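Here is what each chain is made of, one letter per residue.
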Amino acid sequence: MPEFDCQETKRHVHEYIHNELSEQEIKEITAHLANCDSCETDYDLETAINQKIEQHCSEVPPEKLIDGIMERIRAIQAGEAH
Ligand SMILES: [Zn+2]
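A brief report on the enclosed structure follows.

Cut-offs used in this document
- Residues numbered from 1 in each chain as written.
- Predicted model: local features only at pLDDT ≥ 70, side-chain atom pairs only at ≥ 80, totals over all residues.
- Helix = DSSP H or I, 4+ residues; strand = E, 2+ residues; numbered from the N terminus.
- Buried ≥ 20, exposed ≤ 12 C-beta atoms within 10 Å, placed from the backbone.
- Contact = placed C-beta atoms within 7 Å.
- Expected span 1.5 Å × (residues − 1).
- Axes fitted to C-alpha atoms, helices over the stretch in contact; angles between N-to-C directions.
- Left-handed = near helix turned anticlockwise from the far one by under 90°.
- Nonpolar A, V, L, I, M, F, W, Y, C, P; charged D, E, K, R; others polar.

**Section: the overall build of the chain**
Across its full length, the chain carries 4 helices and 0 strands. Along its sequence from the N terminus, the chain presents helices and strands in the succession α-α-α-α. When the 82 residues of the chain are sorted by exposure, 11% land in the buried category. Taking the contacts inside the chain whose residues are at least 6 apart along the sequence as the reference set, 59% of them involve residues at least 24 apart.

**Things to note about helix 4 (residues 62-78)**
Helix length check: helix 4 (17 residues) gives 24 Å between terminal C-alpha atoms against 24 Å at 1.5 Å per residue, within 8%. Buried residues are scarce in helix 4, accounting for 0 of its 17 residues.

**A closer look at helix 1 (residues 6-17)**
For helix 1, with 12 residues, the first-to-last C-alpha span of 16 Å sits near the 16 Å given by 1.5 Å per residue. Within two residues after helix 1, asparagine 19 carries a phi angle of roughly 55°, on the positive side.

**Focus: the packing of helix 1 against helix 2 (residues 23-35)**
In contact at an axis separation of 11 Å, helix 1 and helix 2 are set at 115° when each is read in the N-to-C sense. Like other packed secondary-structure pairs, helix 1 and helix 2 cross with a definite hand, here left-handed. For the pair helix 1 and helix 2, contact is made by Thr9, His12 and Tyr16 and by Glu25, Ile26, Ile29 and His32, respectively. By residue class, the composition of the contact of helix 1 with helix 2 is 3 nonpolar, 3 polar and 1 charged.

**So, the environment of methionine 70**
For methionine 70, the location among the structural elements is in helix 4. Remark: the alpha-carbon pair of methionine 70 and leucine 45, spanning 25 residues in sequence, is separated by 9.9 Å.

**Looking at unusual backbone geometry**
Of note, asparagine 19 is a non-glycine position whose phi angle comes to about 55°, a positive value. For asparagine 19, a count of 7 C-beta atoms within 10 Å puts it in the exposed group.

Structure representation (structure tokens):
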């Protein structure tokens, strides 16, 4: 079983968050995220967007939602992404 590279990991981040992968794939991605800042940032962004949508989809109009997501993305890029 080859290790996942960045391309492979980024392609599967969405399924990873939604638990749509095999146990082996989850292991590979978990290991890769632990060692790769670039993919970890992608994972954080995807998680943040998912949480925003889950928390607010029923109560907040879409423009507000997008504002919140952009704020979160800027915060991540300003901080942890370096
Ligand atoms: Zn990577």
